[in-house]
Each structure stands twice: as structure tokens, then as C-alpha cells.
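Coordinates in review
Below are the chains, spelled out letter by letter.
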Amino acid sequence: MIAKRGIALLVTVFFIMLITLSVGVGLKYINESSKSIQKEQFLFQTTVILDDVLSILQKLKELEQVGSAVEMSTFLLTSEVIPFQSNGVEVLIKFSSARSKMNPNALKDKERLDVFKLFLMKKSINTVYADILLDSMSGLKEDQTYLTGIFNTHPYAFRDYITSSQHLQMINKFYVNSFHDVNFQRIDTKEIFYTSKDSNSSIDLNFATSSTYEILLGCDTARAEELSLRGDVLQTLEDLQLSTEEQINLSKFQTSFFEPYLDVNIRIRQEGKISNIRFEYNTKLKKGSNFVFEV
């Protein structure tokens, strides 16, 4: 316990020291650019902080040691949230596994889509929602043979794959407005989906959320929560003690017991202005990808 607290303190102090410096440098250049508008100033500050967060992650020794589910778990337990402020700039950094949820683009596979439809049916949600997701990653069809009318409402929407949480929110809003399904509130798509272009990525069973387990196994909520909250680290499928039906459902998805990917969320606030940055960080390759900015 003492060792974990020590790691948490070291990581937090390292982030605070370096990003405090970057905030100071950023503000220096901002003050020198008095002709720039406030939004551009804030955007510049955001960019400076992002660059330094990436630099810190690449230098962080605690991340270099993350080569297994046990080490990933230790890092997340000790460094899940890092909040601090400097010179009027508030920064909140959150870390989680980037493979704890399902990639909606993986549902392009018919077997997986059918499993997801069974999940929706259990929640009394119209399975047309799954068809809307499928349309949103089916590409441009000249004959317009889509399963739903989403592109009648959003004719210029991207349709090769689901690009981000904002794209998913647009899909959700279309579904709710079109079908007035009050049961849709029974699910939280933020807890179910992690959007990425890579539809072949594996789900890390050691960090899978309750909702993810509920879909993957076709089990009830209590069983899914039990699996997601267990304290031990999984090594093999036998550790899950799955029923035959659960094994069949799980076999339709790509899963693993360790994926070296962090989901990094940075929230920056300054004088009422807020920016959110989200990206995926490969701890093995020391590389960030799948960047999403909200300002």
C-alpha cells in the first residue's frame, strides 16, 4: 500500500511540475501576443499543455514498466485522476484503459451485431438503433439502400465508420428524436462504447466495464457487475468461469487479457473557457493517436 501511494505521489508531482512550467511558458507567449483574440490564446495554451502531457507520458518511468495487466492495474489505481491549477489555469487529467469498452465499429460484423441486438432487446430498446449504427459505418451507397433514414436527416454525415463520441451522440439524438424510445435511457453509451477507427482492436477483459461484459456474454446486470468489480487479475478464460452459452457469445468478439493502451482525458479550464482533449496512448510504442478536441 505504501509503495502504491509513493508511485501515485511521484507521478502526480511529476505532472504538476512540468505542466505548471508549460502553463507559465504558454502564458508568457500569450501575453506577448496581445493582438490575438481570447479564443486563439486559449487554444494556444491548450496546445502547449497537450504537447507537454505527451512529452511527460513518453518520459514517465512508471509507464515504461507497464508490460502486464498487473502493472497496468497498479498504474491506474495510483494515477487515475491528476487535478491541479496554476496561474488561473485548471487542469484535470484522467487515465483509464482504452480497451475496457466495445468499439461500435466492430458491430459491422453480423454475428456481433446480432449479439448487440439481443442486449438491446433485454433492455426493451428497439433494435433499429443497431441498424442506425450499422448504416453509419456502411459507406456511401449510390442506390441509398440504407436500413434507416438517418441520412435523410443528416445527408452530409460521415458514414465510413463512427469517428468519435460526438458522432455517436448525433446518432443517439437521431434515434431518440425519431422513435421517442424512453427505454433508451436504460443504457449509457459512454460506458458501452469507445470509438476508434480500428475495428479489430481487442477488448481487455481485465478492465472491461459492466455494460461491456453484459453485451459480450449476454448475461444479466448482476453477473456483469460481479465480473467487472472482481479484484483478481485474469490470466485465462477459465478464470472467468463462464457458462457454455457465455463462452459461445464471447467467442464472437476479439478479446485479450492485456492491452497496452491508455485512454487519456485532459480537461482545461481558464476564465470560463473549457477545452477537452481525448486521445489513446500506446504505452509500448510511446505514441498517441485518435485525438479528439472539444473547445
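Worth saying up front: this structure is predicted, and the values here are computed from it rather than measured.

**Observations regarding the nonpolar core**
Formed by 44 residues in total, the largest nonpolar core has its most connected members in F116, Y129, L133, F193 and Y213. Counting residues per element, the ones that place at least two in this core are helix 5 (110-122), helix 6 (128-135), helix 7 (150-153), helix 8 (165-179), helix 10 (210-217) and helix 11 (221-228). Ranked by the residues each element gives to this core, the list is headed by helix 6, at six residues. If we ignore the near neighbours within four places in the chain, the residues touching Y213 are L205, A208, G218, C219, A224, L227, S228, R230, L234 and L240. I49, M72, L262 and I268 belong to the second-largest nonpolar core, a separate cluster that totals 26 residues.

**Comments concerning helix 10**
For helix 10, the buried fraction is high: eight of the eight residues fall into the buried class. Three or more residues of helix 10 are buried, namely S210, S211, T212, Y213, E214, I215, L216 and L217. On its buried face, helix 10 sits against helix 5, helix 9 (189-192), strand 3 (203-204), helix 11 and helix 12 (244-250). Just past helix 10, the residue G218 takes up positive phi, approximately 70°.

**Quick notes on the side chain of D181**
Tracing the sequence through the fold places D181 in the loop between helix 8 and helix 9. Buried within the structure, D181 lacks any salt-bridge partner; its nearest side chain of opposite charge belongs to R186, at an N-O separation of 7.5 Å. Polar side-chain contacts of D181 include one of 3.0 Å to the backbone nitrogen of N183.

**Description of the packing of aromatic side chains**
Enumeration according to the criterion identifies 11 aromatic pairs in this entry. Seen from their ring centres, Y146 and F151 are 4.7 Å apart, and the 65° between their planes marks the pair as edge-to-face. Both residues of the pair, Y146 and F151, count as buried. Within the aromatic cluster, the residues linked to one another by ring pairs are F116, F119, Y129, Y175, F179, F184 and F193. The aromatic ring of Y261 is capped on one face by R99, whose charged end is 4.1 Å from the ring centroid.

**Observations regarding the pattern of salt bridges**
A complete count under the given rule lists nine salt bridges for this structure. Between K286 and E64 there is a salt bridge; the shortest N-O distance is 3.1 Å. With K286 in the loop between strand 6 (273-282) and strand 7 (287-294) and E64 in helix 3 (residues 61-64), this residue pair connects regions lying 222 residues apart in the sequence. Of the residues examined, K286 reaches a relative accessible area of 34% and is grouped as partly exposed. The residue K273 makes a salt bridge to E271 at a minimum N-O spacing of 3.9 Å. Taking the relative accessible area as the measure of exposure, E271 reaches 68% and is therefore exposed.

**Re the sheet that holds strand 7**
Read from one edge of the open sheet, five strands run 1-2-5-6-7, paired in antiparallel fashion. The open sheet has two edge strands with one neighbour each: strand 1 (81-86) and strand 7. The sheet shows a mean angle of 15° between the axes of neighbouring strands, taken without regard to direction. Pairing between strand 6 and strand 7: six bridges, direction antiparallel. Of the residues in strand 7, the one forming a bridge with I277 is F293. Sitting on the sheet, helix 4 (residues 69-79) touches strand 1, strand 2 (89-97) and strand 5 (261-270), and the angle it makes with strand 2 is about 155°.

**Examining the packing of helix 6 against helix 8**
For the pair helix 6 and helix 8, interaxial distance at closest approach is 10 Å and the crossing angle is 140°. Classified by the interaxial angle, the pair formed by helix 6 and helix 8 is oblique. Here the hand of the crossing between helix 6 and helix 8 comes out right-handed. Between helix 6, through V128, Y129, I132 and L133, and helix 8, the contact on the second element is made entirely by L168, I171, N172, F174, Y175 and F179. For the contact of helix 6 with helix 8, the per-class residue count stands at nine nonpolar, one polar and no charged.

**Describing the confidence of the model for the protein chain**
Across the protein chain, pLDDT averages 86, with 87% of residues at or above 70. Every residue in residues 1-10 is under pLDDT 50, and counting partners more than four places away or in other chains gives eight contacts. Residue range residues 24-28 is modelled with pLDDT below 50. Its contacts to residues more than four positions away, or to other chains, number seven contacts.

**A look at unusual backbone geometry**
Located in the positive-phi region is S124, a residue other than glycine, with phi close to 60°. Its location among the elements puts S124 in the loop between helix 5 and helix 6. With a phi close to 50°, Q241 is a non-glycine residue in the positive phi region. Inspection of the secondary structure puts Q241 in the loop between helix 11 and helix 12. In this structure Q241 comes out as exposed when scored by relative accessible area, which is 67%.

What counts and what doesn't
Residues numbered from 1 in each chain as written. Predicted model: local features only at pLDDT ≥ 70, side-chain atom pairs only at ≥ 80, totals over all residues. Heavy atoms only, no water. Core = buried A, V, L, I, M, F, W, Y, C linked by side-chain atoms within 4.5 Å. Buried < 20%, exposed > 50% of the residue type's maximum accessible area, 1.4 Å probe, protein only. Helix = DSSP H or I, 4+ residues; strand = E, 2+ residues; numbered from the N terminus. Contact = heavy atoms within 4.5 Å. Lys, Arg positive; Asp, Glu negative; His and termini not counted. Salt bridge = Lys/Arg side-chain N within 4 Å of Asp/Glu carboxyl O. Polar contact = N/O pair within 3.5 Å; in protein donor to acceptor, adjacent residues only side chain to side chain. Phe/Tyr/Trp six-rings, centres within 6.5 Å; stacked < 30°, edge-to-face > 60°. Lys NZ or Arg CZ within 6 Å of the ring centre and 35° of its normal. Pairing = 2+ DSSP bridges. Axes fitted to C-alpha atoms, helices over the stretch in contact; angles between N-to-C directions. Parallel < 35°, antiparallel > 145°, perpendicular 65-115°, else oblique. Left-handed = near helix turned anticlockwise from the far one by under 90°. Nonpolar A, V, L, I, M, F, W, Y, C, P; charged D, E, K, R; others polar. pLDDT = per-residue confidence, 0-100.

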